[in-house]
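# Per-entry structural report
One-letter residues, chain by chain:
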Amino acid sequence: STDYVLREYPLDDILRQAVRKFAKMFILKKITLDFQETGKTVLTDEKWLLFVVEQVLSNALKYTPPGGSVTLSADRYELFCRIRVTDSGPGIPEEEQAQIFSRFYRGAAVRDQDGLGLGLYLTRRILIRQGGYLRLSSRPGQGSEFSLYLPLE
């Protein structure tokens, strides 16, 4: 079992680390990455939150075509924080949306891409262990938005 050490942590520090990790790849693929600083703190395990943000950013990078864009932002509400990764990729058909969080699931349109189909499964499990959850909003041809929700207390 994985131990989670929850403490107050500056959210921008985690988001900046994820952005730095992928910055060169976004440039090489000619994808615009827009990172919007939040100035917020969250109650989290920073190692695991960094992992899940990297998973979702990595997917956005992988599935967004050259010339596209990805936005990383966050909003803080009264009881939770929402980290959003929005992309201009191909979108995910409605009939596949529930399945993409399953272990080893690979959508029909992306089976030729590298990967095992574990990233979103693990991301969802890690967020649930921290009292959060993962949401997807997507329409084919209009990109996807993944929202990572974390409790503030």
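Scroll up for the structure.
Residues numbered from 1 in each chain as written. Predicted model: local features only at pLDDT ≥ 70, side-chain atom pairs only at ≥ 80, totals over all residues. Heavy atoms only, no water.

Turning to the nonpolar core, a few remarks are in order. Residues Leu49, Leu72 and Ile83 are the most contacted members of the largest nonpolar core, which totals 36 residues. Looking at this core, the elements with two or more residues in it are helix 1 (11-28), helix 2 (46-63), strand 4 (69-76), strand 5 (80-87), helix 4 (119-129), strand 6 (133-138) and strand 7 (144-151). Ranked by residues supplied to this core, first place goes to helix 2 with nine residues. Leaving out residues up to four positions away in the same chain, Leu72 has contacts with Leu15, Val19, Asp34, Phe35, Gln36, Val53, Leu57, Ile83, Arg84 and Val85. (Core = buried A, V, L, I, M, F, W, Y, C linked by side-chain atoms within 4.5 Å. Buried < 20%, exposed > 50% of the residue type's maximum accessible area, 1.4 Å probe, protein only. Helix = DSSP H or I, 4+ residues; strand = E, 2+ residues; numbered from the N terminus. Contact = heavy atoms within 4.5 Å.)

As a further point, take helix 1. The terminal C-alpha atoms of helix 1 lie 27 Å apart, and with 18 residues this matches the ideal 26 Å at 1.5 Å per residue to within 8%. Considering bend angle alone, the principal kink of helix 1 is centred on Phe22 and spans about 45 degrees. Taken residue by residue, helix 1 has Leu11, Asp12, Ile14, Leu15, Ala18, Val19, Phe22 and Phe26 as its buried positions. Where helix 1 is buried, its residues contact strand 1 (7-10), strand 2 (32-35), strand 3 (41-44), helix 2, strand 4 and strand 5. Two residues or fewer after helix 1 comes Lys30, characterised by a positive phi angle close to 60 degrees. (Expected span 1.5 Å × (residues − 1). Bend = angle between axes of the 7 residues up to and from the residue.)

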